[in-house]
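Each chain, written out:
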Amino acid sequence: MANDYLAHLQVAGERALACLRRHAVPPTAINYAVWFTHHAGQNPGLSRAIRELEAKGERIDEVRHLELAERFIARAAQLERIQDLVGRADSALEVIASEIGGFRANAAAYGATLEGAASRLEGDGRIDAVTVLVSELKAATLAMRERADALERELGRRDAELAAVRADLVKAEEAISTDPLTGIGNRRLFDRALRKLAAEAAKRGSPLALLMVDIDHFKRFNDTYGHPVGDLVLKLVAAKLAERALPPRIAARYGGEEFALLLPGSDLAEAVELAEGIRAEVADREVVLKSDGRKLGTVTLSIGVAALGPGEPADRFLARADAALYRAKEKGRNRVERATD
């Protein structure tokens, strides 16, 4: 059985390298991991996504490899990390519950000792009897104090452990919600934020706007200058959106060269004005490589803008913004389009 499994992994590795050559991407760790995981049959979701892309005849370039790795491989690892942290927290809580249960039992025994002492005093008031009772109560009180001190120390240690687990959970959640290339939110963060903010806006009757942003002719940067330059363009656009995404606003990489900006508290007119400002600022800036001073031209954006309608579901809200984005591209790109009702 072991030899069969090793042979299976060897075949998966060979097929992974063949796929990298077929899609003309370098055999980096991330790219190789995507195909190896697929051919090893270790991630059904990843395999399904790859089959869908190949069925469409799409080339799986480096950007797509990064997306697949972030979506299916890195996220799985992060989820395992979160599950481990939750398990640690549960263990700490179980110990605390056990310690408190023991302390309660000791407190009940101490109470029984006091009741017994009171009964004995009522039945026997002699000095020597009182002296014995006082000695017993003193010993019981000291023991109870020691148990209380021990519980306090244990609770202090467990509280520190839980605080560390909570901090690790926050970091793990941030990692699983962050796009590894640009450093802004990823699709997972956006989907959660969209549902949450749409529900809050509907409940409060407050405005909510959405910008869907796409980099025009992004493939040209990759094909002409290589993927490192394409990555640089993605980072530049993400940084520009991040400048406008002070809380409670949320910027995210929606996928590939497409981004999203959620604007709670902003109506359609305000969102369109913001979108025009972002588009103009990006278009007015020429991209220059610091390494050799090469001028790569300008980057332009197509942007679709929508405002949440009364009682509108979040998915329809997103669909209208996305439709506006594609109208902007159809009308010549480097423009902002408002969503229709």
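Here is what the cut-offs are and how they apply
Residues numbered from 1 in each chain as written. Predicted model: local features only at pLDDT ≥ 70, side-chain atom pairs only at ≥ 80, totals over all residues. Heavy atoms only, no water. Helix = DSSP H or I, 4+ residues; strand = E, 2+ residues; numbered from the N terminus. Phe/Tyr/Trp six-rings, centres within 6.5 Å; stacked < 30°, edge-to-face > 60°. Buried < 20%, exposed > 50% of the residue type's maximum accessible area, 1.4 Å probe, protein only. Lys NZ or Arg CZ within 6 Å of the ring centre and 35° of its normal. Pairing = 2+ DSSP bridges. Axes fitted to C-alpha atoms, helices over the stretch in contact; angles between N-to-C directions. Contact = heavy atoms within 4.5 Å. Polar contact = N/O pair within 3.5 Å; in protein donor to acceptor, adjacent residues only side chain to side chain. Core = buried A, V, L, I, M, F, W, Y, C linked by side-chain atoms within 4.5 Å. Expected span 1.5 Å × (residues − 1).

1. Details of unusual backbone geometry
Residues apart from glycine generally show negative phi values, whereas peptide bonds are mostly found in trans.
And then number 1: Following Pro-247, the chain continues into Pro-248 via a peptide bond in cis, with omega recorded as 10°.
And then number 2: Its place among the elements puts Pro-248 in the loop between helix H8 (227-243) and strand S2 (250-255).
And then number 3: Positive phi, normally seen in glycine, also occurs at His-217, with a value near 50°.
And then number 4: Mapped onto the elements, His-217 comes out in the loop between strand S1 (208-215) and helix H7 (218-225).
And then number 5: Residues other than glycine seldom take positive phi values, yet Arg-333 does so here, at roughly 70°.

2. A word on the packing of aromatic side chains
And then number 1: Counted under the stated rule, the structure contains one aromatic pair.
And then number 2: Aromatic side chains Phe-190 and Tyr-254 sit 5.4 Å apart centroid to centroid with 90° between the ring planes, which places their arrangement in the edge-to-face category. On the criterion of sequence distance, the pair formed by Phe-190 in helix H6 (residues 187-204) and Tyr-254 in strand S2 is long-range, its members being 64 residues apart. Each member of the pair, Phe-190 together with Tyr-254, is buried.
And then number 3: Note that Arg-220 overlies the ring of Phe-221, its terminal NZ or CZ placed 4.5 Å from the centroid.

3. Considerations on the sheet that holds S1
And then number 1: Read from one edge to the other, the open sheet built from five strands follows the order S2-S3-S1-S6-S7, with strand pairing classed as mixed. Looking along the sheet, the strands with just one partner apiece sit at the ends: S2 and strand S7 (336-338). Averaged over all pairs of adjacent strands, the angle between strand axes in this sheet comes to 20°, irrespective of strand direction.
And then number 2: Pairing of S2 with strand S3 (residues 258-264), which is carried by five bridges, proceeds in the antiparallel orientation. Bridge pairing links Ile-250 to Leu-262 in S3.
And then number 3: Sheet contacts for H8: S1, S2, S3 and strand S6 (301-307); angle to S3, the most-contacted strand, approximately 5°.

4. Details of the side chain of Glu-312
And then number 1: If you trace the backbone, Glu-312 turns up in the loop between S6 and helix H10 (314-330).
And then number 2: Residue classification places Glu-312 among the buried residues on the basis of a relative accessible area of 14%.
And then number 3: In this structure the side chain of Glu-312 is engaged in a polar contact, spanning 2.8 Å, whose partner is the backbone nitrogen of Gly-309.
And then number 4: Once residues within four sequence positions are removed from consideration, Glu-312 is found in contact with Ala-307, Phe-317 and Arg-320.

5. Brief notes about the environment of Arg-253
And then number 1: Secondary-structure assignment places Arg-253 in strand S2.
And then number 2: A polar contact of 3.3 Å, which involves the side chain of Arg-253, links it to the side chain of Asp-179.

6. Some details on the environment of Ile-278
And then number 1: If you trace the backbone, Ile-278 turns up in helix H9 (residues 268-283).
And then number 2: Put simply, Ile-278 and Ile-303 are 25 residues apart on the chain and 9.4 Å apart in space, counted from C-alpha to C-alpha.
And then number 3: For Ile-278, the residues in contact, after removing those within four places along its chain, are Leu-211, Lys-240, Leu-241, Arg-244, Leu-261 and Leu-301.

7. Some points on the nonpolar core
And then number 1: In terms of nonpolar packing, the biggest core is built from 35 residues, with Leu-211, Ile-215, Phe-259, Leu-261, Val-299 and Leu-301 touching the most fellow members.
And then number 2: Mapped by element, the contributors of at least two residues to this core are helix H4 (62-123), S1, H7, H8, S3, H9 and S6.
And then number 3: Sequence-distant contacts of Val-299, defined by excluding residues within four places in its chain, comprise Ile-215, Phe-221, Val-233, Val-237, Val-282, Ala-283, Arg-285 and Val-287.
And then number 4: Core analysis: the second largest hydrophobic core is formed by 22 residues, Leu-197, Ala-260, Phe-317 and Ala-324 among them.

8. Points about helix H3 (residues 44-55)
Quick reminder: α-helices carry 3.6 residues per turn. Residues three or four places apart thus point the same way.
And then number 1: Compared with an ideal rise of 1.5 Å per residue, which puts twelve residues at 16 Å, H3 spans 16 Å between its outermost C-alpha atoms and is within 8% of the ideal.
And then number 2: Every buried residue belonging to H3 is among Gly-45, Leu-46, Ser-47, Ala-49, Ile-50 and Leu-53, and all of these are buried.

9. Side note on the pairing of S1
Within a regular strand, side chains alternate between the sheet's two faces.
And then number 1: When you tally the buried positions in S1, you get eight out of eight residues, the bulk of the element.
And then number 2: Side chains Leu-208, Leu-210, Met-212 and Asp-214 of S1 all project onto a buried face; the interleaved residues Ala-209, Leu-211, Val-213 and Ile-215 project onto the opposite face, where all are buried too.
And then number 3: Strand direction decides the pairing type here: S1 and S3, joined by seven bridges, are antiparallel. Counted as the bridge partner of Asp-214 is Glu-258 from S3.
And then number 4: Here S1 pairs with S6 via seven bridges, running antiparallel. Paired with Met-212 across the strands is Gly-304, a residue of S6.

These values are about where atoms sit, not about what they do.
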